[in-house]
Structures are given as structure tokens and as C-alpha cells.
Amino acid sequence: MANDSGRQTPRRRVPGPAGPVRSGGGRRPGPGARPARRPAPPRRPAPPRSIRLGSPRPRLRLIGFVLALVLIAFTVRLLQVQAVDAGTYTAKAEQNRYVVHTLTAERGGITDRNGVALATTVDAYDITADPTMFTREELKVGDGPEQAAALLAPILGEREEDLVARLRPNDRDLRYVRLARARTPQVWNQIKDLKSALTKKAETDKSAVNVLAGVFADPSSKRIYPNGDLAAGVIGWVDAEGQGGGGLERKLDKTLAGQDGEIRYAQSGGHQVPTVGANETPAVPGRDVELTLDRDIQWAAQDAISDQVEESAADGGYVIVQDTRTGEILAMANSPGFDPGDLAHADPDALGNGALQDAFEPGSTAKVMSMAAVLEENAATPTTHVTVPNRLHRGDRLFKDDIDHPTWYLTLNGVLAKSSNIGTILATGELGENQREANQVLYSYLRKFGLGSYSGLGFPGETKGILAAPEQWSTSQQYTIPFGQGVSLNAMQAASVYSTIANGGVRVEPTLVKGTTGPDGRFTAAAKPKKTRVISEKTAKTLSRMLESVVDDEEGTGTKARIPGYRVAGKTGTANRVDPATGKYKGYTSSFAGFAPADQPRVTVYCAIQNATRGSYFGGQICGPVYKRVMEFALKTLQVPPTGAAPESFPVTFQP
């Protein structure tokens, strides 16, 4: 609508009539009423608020950085293990995985000249252990070594504390120790049975532990001596480590021992892994040694000297039997002896070989060397007259014979037959223009007979005796040495003197070994012994006839050595004995030396007994019977026929 001014005015809105009342009790608005408000539409639920994620890149970078550090560390360690310390770790791995065991070579046997076993080797076991299997981590107990040692000690015969020390060594990486060496199969069977019992118990009782799981056995060998103490002084023994401890076992140890081998194999839990190959270097067996000894003659000699030592209540004695032609030792017996297979019960003083290791003054058996010098130097003959007074003053001493007697009118042969000290002094005084010159001549013969030198056997501990140079002889020695006092030797040297005379004046170095046999069965003979002429054959034959007078003549001192059917040459000896404990004279050395048959010598026998305290101590009385017993047996064993010709003896006395 328009107004007066011509402007159009806005149309006013006129409310319409009120509407009818709604059924809800409400009323419609009438005309002109203000329209009612519309009810507000229901609110829609607010949409959920979305969470906004952070960017993953920083986290991925952090994780990647950490992984890179880890990989770098692994790489560095890998380089260290495989490059820098590769050798060290390889060695540790090898040590932990592989075990190396020594394969002990079988020791060669020792036989007599006829192949009879004197020392041999039988199967045995070395009882060993892996110390790493006795740790607390392995056994779950702290006293595993002590428990194992308590079980093993009675079986092995070892001290518990020693076994504990081996099972718990200072070296933590040690995988192999030897608990006992060369035990019999029965010993190992005992341990195996005990291990099995402990294993079964551990299977049923979870708290039980098999403390012997780390104990094993390596095949080894054991040295045995089938004849007990027979020739023990010669053969010697083997120590706990399987090495020669004395006698020929020691001297010939390298020959007998062979060369050990070894086996290297992978192990797990102390057992060999069968799927992994083993490297083995075989052991090379030792060589068998054949001696010159005759077992039967050795037995006869040992039996005879043992009986006489016991009967005479003596400190000891020796018998040597030698082949006069070859120098081979047929027997070398000592009393008392020992069993090399049972050293635990042996007398320590009896160990060794007294026949080679004891030095003693020989007494009258040495007079044969003085007579050899007199005859060889043409200072006298067997029939030369020697007037022997009851006493003889020389130097600073008054000398006598073993018995008081009126003046004897003896031949040189009689001096030897009656074993006169005074007569020997008088005879050797003719060796030079003066006593000093005579001493020099006698000394040269003593040396040629082997005194003051080793016998040539090279035996461990052998003595060469004592023979001073003549310029060092005291006033009394220059008169006592001719009859065997003031000089010392061993039994082998004494026997060699008589073998030299029996062999026509040629000294043959004694031998104990005939040869050796290798694993291939080839026999290698020992080197031929050295031969040296000491006196002429003529002098040797003359001496042989003179020595027969000692045995055959009724005035001789060796009548108890006679052997029916055989011509016997021999000499008695009774010397003052030096006591090893005090270094002073105490008691006597009684001896007898000789050979037979006298006209065709084959065997030399020497016997000596130290400090007889019961009955007679004269050599002819206690050693003469031993000589006869051993010589008779040796001649029969070697099948030496009796002598047919009668002896041609020299006179013993002369009519003044």
C-alpha cells in the first residue's frame, strides 16, 4: 500500500484466526493471535571426534637406528670371532670337542738264550677320567671328586687324596687324566659293574648321581715276570709309568719301549661320536730282547748262593757263570733278591745288582794276576823256590799268612796253591829293580785284566772298583795289593779275570744280550764283544795248571771244589771286608773263582759271600761248595763231556 507522500508502506502481517484446538488439549491460535513457536527439531547426535595419528617416521627411524647398532655389534663380534680370534676359538672348540688319547706301544719281551720268557707284557687297562665331568655344573653336586675317589681308591689301590687331586685339577680345561696305570682286566670290570649300578640307580632315583660317569679305560699293557725273582737283578723292573726303572729294563728302555701312537676323535658326554672319523697314528711295538742267560743255569746259581747265604747268616752273595770262549754271561745271581713284579714288598737294600754294583776287596783270588805278571815278565817259573817265613817285615807293617806256620819251602806253584800272602809279596818284588818299578809293572797287568775300568756291559749303576795309580799307593798298599787288599773290584771283573786265563790269555768283554727281534720278526745280533790279549797263551796254560794244584793237591785250599771226572782250575779268597755303613774293616769277603774243564775250558764260575757270621768264613769252605754245585749243573746243562786226561801238576814244595 502507498501513503500520501506517495511512498509505499510495508504490509503489516495480520495474524490469522486461531485455529482449532488440537487434540492434545492445545488450542489453535485464533485470528490475530501470535503464531505459536514451532517445537525445535530434535538434535542430531554429534558425530564422534576422530583421533589424529602422529607421524610414524620418527619411530621408524629410532627402531632402524637401534637395529643398525645391533647389527653393527653382531658384525664386529663376528669379525672378531672369525677373523681376529679365529685361531683361539678354533682351538677351544677343538679342545672341547676332540679328545686325544695316547696309544701305548707294546713293550718288547725279554727271553733267555733259549727263548724262555723272563719278562713279558700282557693286556691291561689304564684307568682314566675326564675332570670336566666331575664339576658341580655337570654332576649337580659339589663333592663329586670326593665321592668318586672314595669308590675307586679300594679298587685301584690308590690314596683317596691323590685321586681327588687328579679329578679336580688346577687346569680347568684339562680333559684327560690317568688315575691308575696298567690295571688288570678284572679291575676294570669291577669299575664297569659299579658304573652300571650307579647308572641304574640314577634312572630310578632322580636325586641319585652317577659320580663315575667320567671314568674310562684305555687299553694298555702290564709287565709281568713269569719266574718271580729269577735274574731280577739283571732284568730289573718297570716303574708305574711303564718305563724301565732298573737293570736291563732301564738300560734297554728305548729298545723295549717302542714308540707310542695316538688316536684323536670327537666326543660327546665322554663317549666317542661314531659318525665323526677318528685320526689314528698306530703305536710301534718295542723289540724283543734275547739275553745270553740260561734260565736253568741261572736257577741253579741263584738257588745255590741263596742257600749258602742263609746257612752262613751272611749279608749277601753273588754267583756269575760265564762262557769262557764267547764272554757270554750264562748266569748272574744275587742273594738276597727281589720280585720285580711285587716291588711293594721288596727289601729296598736288595734292589739292584750287587754282582755289578758292589765294590769289594777280592783277597787271594786276585793273586792269579800277580802270578800272571811274574810268569809273563819271566821273573820266575812255577817251580821257582820261594822260602816263606812265618812273618815278613815290609814298609811299616809286619805281614803274615792266614795261619801261623813254620818256615815254608814252597815253589811258586805252592805259593798259589797254599795262598801265601808272604810268598806273593816276595814273588812280585821280583818284577822290577826296586819296589817302585815293581809296582808300575804290576799295575799295568791289573789294568789289562780290567781292574779300574767298567766291564763293558754298560749296566746301570755298575762300579769300576778302585785301583789307584801306583805313585799313589801307600807304603802298605804296595805290598797288600799283590794279594788282593787295598784294591777293589766287582764280581763281574773278578770272573772276567779267570775267563781271560781260561781263554788262552785273551780277554773278551762280557755280554748279556745276544740280540733283538723287531716287530717284523727279523733278528739282529748284538755287536761282537771287544777282545784284548792280556797275557801270552803259554802263560795262560801255565797258570791253568797252577790253579789245578789249588783244587787237586791235598795241600791246596780249594779241595771242596773238586768235581769227579773233570779237571778243575780254581782259587780261594778270604779278604778283610770294608763295612759300607762305617767305612771300616768288619767281617770278611769269602770267594772262590775257577773254570772247567781245566784242559779245555768252557765255563767260568765266580762266587763271593759277604760277611758270613755263622760257621766258617774261609772262601774255600763256604764258596768252594757253591762253585762245585753250580759248575756241575752248568757242565751237564751244556753237555760238556768229562775230561779224559790226567792233570800234569807242578810241585808244591821243595826240599831245602
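Conventions we followed
- Residues numbered from 1 in each chain as written.
- Predicted model: local features only at pLDDT ≥ 70, side-chain atom pairs only at ≥ 80, totals over all residues.
- Heavy atoms only, no water.
- Helix = DSSP H or I, 4+ residues; strand = E, 2+ residues; numbered from the N terminus.
- Buried < 20%, exposed > 50% of the residue type's maximum accessible area, 1.4 Å probe, protein only.
- Areas by Shrake-Rupley, 256 points an atom, 1.4 Å probe, with all protein chains shown as cover.
- Core = buried A, V, L, I, M, F, W, Y, C linked by side-chain atoms within 4.5 Å.
- Contact = heavy atoms within 4.5 Å.
- Lys, Arg positive; Asp, Glu negative; His and termini not counted.
- Salt bridge = Lys/Arg side-chain N within 4 Å of Asp/Glu carboxyl O.
- Polar contact = N/O pair within 3.5 Å; in protein donor to acceptor, adjacent residues only side chain to side chain.
- pLDDT = per-residue confidence, 0-100.
- UniProt positions renumbered as here; feature names shortened; annotations may be inferred.
- Pairing = 2+ DSSP bridges.
- Phe/Tyr/Trp six-rings, centres within 6.5 Å; stacked < 30°, edge-to-face > 60°.
- Axes fitted to C-alpha atoms, helices over the stretch in contact; angles between N-to-C directions.
- Left-handed = near helix turned anticlockwise from the far one by under 90°.
- Nonpolar A, V, L, I, M, F, W, Y, C, P; charged D, E, K, R; others polar.

Asker: Explanation requested: the overall build of the protein in the structure shown.
Answerer: Scanning the protein from terminus to terminus reveals 20 helices and 24 strands. A total of 656 residues make up the protein; the buried ones form 46% of that total. Total accessible area computed for the protein in this model is approximately 34,600 Å², and 50% of it derives from carbon and sulfur atoms.

Asker: Is there a simple way to explain the nonpolar core in this structure?
Answerer: Nonpolar side chains in soluble globular proteins tend to end up buried together. Met-332 and Leu-543 are the most contacted members of the largest nonpolar core, which has 88 residues in total. Broken down by element, the residue count for this core peaks at 8 residues, all from helix α17 (residues 491-502). Dropping the residues within four chain positions of it, Met-332 is found in contact with Val-234, Leu-293, Gln-298, Val-319, Ile-320, Asn-353, Ala-355, Leu-356, Leu-457 and Met-492. Grouped together as the second largest cluster of nonpolar side chains are 32 residues, Val-321, Val-603, Ala-612 and Tyr-627 included.

Asker: Would you explain the side chain of Lys-367 in this entry?
Answerer: Along the chain, Lys-367 falls in helix α12 (residues 367-376). Buried within the structure, Lys-367 lacks any salt-bridge partner; Asp-401 is the closest side chain of opposite charge, at an N-O distance of 5.8 Å. Within the structure, the side chain of Lys-367 is placed 2.7 Å from the backbone oxygen of Ser-419, a separation counted as a polar contact. A distance of 2.8 Å separates a polar atom in the side chain of Lys-367 from a polar atom in the side chain of Asn-421. Not counting chain neighbours up to four residues away, the residues in contact with Lys-367 comprise Leu-416, Ser-419, Ser-420, Asn-421, Thr-424, Pro-482, Phe-483 and Lys-571.

Asker: Help me out: how do you make sense of the confidence of the model for the protein in this one?
Answerer: Low pLDDT marks regions whose predicted coordinates should not be analysed in detail. Residues of the protein with pLDDT of at least 70 account for 87%, and the chain-wide mean is 88. Below pLDDT 50 for its whole length, residues 1-10 participates in 8 contacts with residues either more than four positions away or in separate chains. When the criterion is pLDDT under 50, residues 18-26 qualifies, and its contacts beyond four places in sequence or with other chains add up to 14 contacts.

Asker: Explain the UniProt feature "transmembrane region" (unreviewed entry) in the protein to me, please; I cannot follow it from the model alone.
Answerer: Here, UniProt's "transmembrane region" (unreviewed entry) annotation points to residues 60-79. Structurally, residues 60-79 comprises 100% helix and 0% strand, and the distance from its first C-alpha atom to its last is 28 Å.

Asker: How should I be thinking about the pairing of strand β4 (residues 177-183) in this particular structure?
Answerer: Regular strands place their side chains on alternate faces of the sheet. A large share of β4 lies buried, amounting to 6 of its 7 residues. Bridge count for strand β3 (residues 117-129) against β4 is 4 bridges, and the pairing is antiparallel. Of the residues in β4, the one forming a bridge with Ala-129 is Val-177.

Asker: How should I be thinking about the environment of Gln-478 in this particular structure?
Answerer: Tracing the sequence through the fold places Gln-478 in helix α16 (residues 477-480). For the pair Gln-478 and Gln-435, spaced 43 residues apart in sequence, the C-alpha separation works out to 7.9 Å. Dropping the residues within four chain positions of it, Gln-478 is found in contact with Gln-435, Asn-439 and Trp-473. A distance of 2.9 Å separates a polar atom in the side chain of Gln-478 from a polar atom in the side chain of Asn-439. A distance of 3.3 Å separates the side chain of Gln-478 from the backbone oxygen of Thr-475, its partner in a polar contact.

Asker: Explain the packing of aromatic side chains here, please?
Answerer: Within this structure, the stated rule accounts for 11 aromatic pairs. Aromatic side chains Trp-237 and Phe-338 sit 5.8 Å apart centroid to centroid with 85° between the ring planes, which places their arrangement in the edge-to-face category. Placement of the pair is Trp-237 in strand β6 (residues 237-238) and Phe-338 in the loop between β13 (329-335) and α11 (354-357), with a sequence separation of 101 residues. Comparing Trp-237 with Phe-338 shows no difference in burial state: the two are buried. Ring centres of Trp-299 and Phe-633 lie 6.5 Å apart, and the angle between their planes is 55°; this geometry places the pair in the tilted category. Residue Trp-299 is located in helix α10 (residues 295-312), and its partner Phe-633 is located in helix α20 (residues 624-637); the two are separated by 334 residues in the primary sequence.

Asker: Teacher, can you tell me more about unusual backbone geometry here?
Answerer: For residues other than glycine, phi is negative in most cases, and the peptide bonds are mostly trans. In the segment running from Ser-335 into Pro-336, the intervening peptide bond is cis, with an omega of 0°. Pro-597 follows Ala-596 through a cis peptide bond whose omega is -15°. Tracing the chain through its elements places Pro-597 in the loop between β23 (585-596) and β24 (603-610). Even without being glycine, Ala-313 reaches a positive phi, approximately 50°.

Asker: Would you mind going over the packing of α12 against helix α15 (residues 435-448) with me for this structure?
Answerer: Angle between the axes and distance between the axes: these two values describe a pair of packed helices. Where α12 contacts α15, the axes come no closer than 9 Å and their chain directions differ by 115°. Judged by the twist between their axes, the crossing of α12 over α15 is right-handed. Here Met-369, Ser-370, Ala-373 and Glu-376 of α12 come into contact with α15, specifically with Leu-442, Tyr-445 and Leu-446. By residue class, the composition of the contact of α12 with α15 is 5 nonpolar, 1 polar and 1 charged.

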